[in-house]
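The chain contents come next:
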Amino acid sequence: GKTIFVVNLLGRVHMDAMDDPFAAADRELDKAPLAQVADAVVVDMHCEATSEKMAMGHYCDGRASLVVGTHTHVPTSDERVLPNGTAFLCDAGMCGPQDSVIGSQIGPVLERFHTAMPARFGVGRGTVRVNGALVVVDPATGKAQSIERVVRYWEPPPS
């Protein structure tokens, strides 16, 4: 019975030029003030640079329940609740086959790096790793009370 407002932003550092993610954050967060339109507000900051992700966390502090970075595939260990009540994690990490290169079969990726020739990458197989975060939100304010990184493993059935 709870409502979560999700904002997906695309960063600009080392990525194709897009709209200003800070202006986009303002536009979207103005639509859903904490604890008024939704019970929680999650900002997904999809970008390369940790500095841009951290800047967005501080920019949204007090206006979002969580700012979490995505794109670099490697979970970071910098989870914290910022001074004005926004939980922050620079990168949640990849969800996919653990024995892979960011989800792809290892062999073709190594061949591509070795030869610099195009190669078709298949999806990796085996144990799946799921990365994420558990955030406890105060129902009265929509602000984060805590954040904890979560890692789970899943064994797919034999094919």
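Above this text you will find the structure in question.
Quantities reported herein were computed from a predicted structural model and do not represent experimental measurements. Every chain begins its residue count from 1, and numbering advances along the sequence as written. In keeping with the predicted nature of the model, local features appear solely for residues at pLDDT of at least 70, side-chain atom pairs appear and are counted solely at 80 or more, and the whole-chain, interface and lining totals rest on all residues. Only hydrogens and water are removed before side-chain values are computed, so all heavy atoms of the structure are retained for them.

**Student:** Which residues make up the sheet that holds strand 3 (residues 66-70), and what values go with them?
**Tutor:** With mixed pairing, the five strands of this open sheet are ordered in space as 1-2-3-5-4. Either end of the sheet is taken by a strand with one partner, and the two such strands are strand 1 (4-10) and strand 4 (80-81). With two bridges joining them, strand 4 and strand 5 (residues 87-89) adopt antiparallel strand pairing. Residue pairing for strand 5: Arg 80 is matched across the bridge by Phe 88. For this analysis, residues touch if any pair of their heavy atoms sits within 4.5 Å. Here, axes are lines fitted to C-alpha atoms. For helices the fit covers the stretch in contact, and angles between N-to-C directions go from 0 to 180 degrees. By the criteria applied, helices consist of DSSP H or I runs no shorter than four residues and strands consist of E runs no shorter than two, each listed in order from the N terminus. Here helix 1 (residues 21-31) sits on the sheet in contact with strand 1 and strand 2 (40-46), set at roughly 165° to strand 1. Note: two strands are recorded as paired if DSSP finds a minimum of 2 bridges between them.

**Student:** So what's going on with the pairing of strand 3? Residues and values would help.
**Tutor:** Partly exposed residues are those whose accessible area sits between 20% and 50% of the maximum for their type, while under 20% is buried and over 50% is exposed, using a 1.4 Å probe and protein chains only. Across the five residues that make up strand 3, a large majority, four, are buried. Note on handedness: a clockwise path from strand one over the helix to strand two, with the strands aimed away from the viewer, defines a right-handed crossover. As a crossover connection, the stretch from strand 2 through helix 2 (residues 50-60) into strand 3 is right-handed. Here strand 3 pairs with strand 5 via three bridges, running parallel. Paired with Val 67 across the bridge in strand 5 is Phe 88.

**Student:** Describe the packing of helix 1 against helix 2, and please don't skip the residues or the numbers.
**Tutor:** Interaxial distance between helix 1 and helix 2 falls to 11 Å at its minimum, and their mutual angle equals 30°. Of the possible angle classes, the one that applies to helix 1 and helix 2 is roughly parallel. With respect to the hand of their crossing, helix 1 and helix 2 are arranged in right-handed fashion. For the pair formed by helix 1 and helix 2, the contact residues are Pro 21, Phe 22, Ala 25, Asp 26 and Leu 29 on the first element and Glu 52, Ala 55, Met 56, Tyr 59 and Cys 60 on the second. Three categories are distinguished: nonpolar for Ala, Val, Leu, Ile, Met, Phe, Trp, Tyr, Cys and Pro, charged for Asp, Glu, Lys and Arg, and polar for the others, with Gly belonging to the last. When grouped by side-chain class, the residues that make up the contact of helix 1 with helix 2 number eight nonpolar, no polar and two charged. Our angle categories are set so that under 35 degrees counts as roughly parallel, over 145 as roughly antiparallel, 65 to 115 as roughly perpendicular, and the remainder as oblique. Crossings are classed by handedness, with left-handed meaning an anticlockwise turn of the near helix from the far one by less than a right angle and right-handed meaning a clockwise turn.

**Student:** Quick rundown of the pairing of strand 8 (residues 144-154)? Include the residues and the values.
**Tutor:** For strand 7 (residues 128-137) and strand 8, the ladder comprises ten bridges, and the chain directions are antiparallel. Across the sheet, the residue bridging to Val 136 is Ser 146, located in strand 8. In sequence, strand 7 turns back onto strand 8 through a hairpin of six residues, with Gly 142 there showing a positive phi of about 80°.

**Student:** Give me empty space enclosed by the protein: which residues, what numbers.
**Tutor:** Cavities and pockets were defined on a 1 Å grid built from protein atoms only: a cavity is a group of points that admits a 1.4 Å probe but offers it no way out, a pocket is an open group of points flanked by protein on both sides within 12 Å along at least five of seven lines, and a lining residue is one with an atom within 4 Å of any such point. Grid points are joined across faces, edges and corners, and a volume is the space filled by probe spheres set on the points. Tallied over the entire structure, the rule returns one cavity of 30 Å³ or more. For the largest cavity, the calculated volume is near 40 Å³. Lining the largest cavity are Pro 75, Thr 76, Leu 89, Asp 91, Ala 92, Asn 131, Gly 132, Arg 149, Val 150 and Val 151. Looking at the lining of the largest cavity, the elements that each hand over two or more residues are strand 7 and strand 8. The element contributing the most residues to the lining of the largest cavity is strand 8, with three residues. Residues belonging to the lining of the largest cavity are distributed by class as follows: five nonpolar, three polar and two charged.

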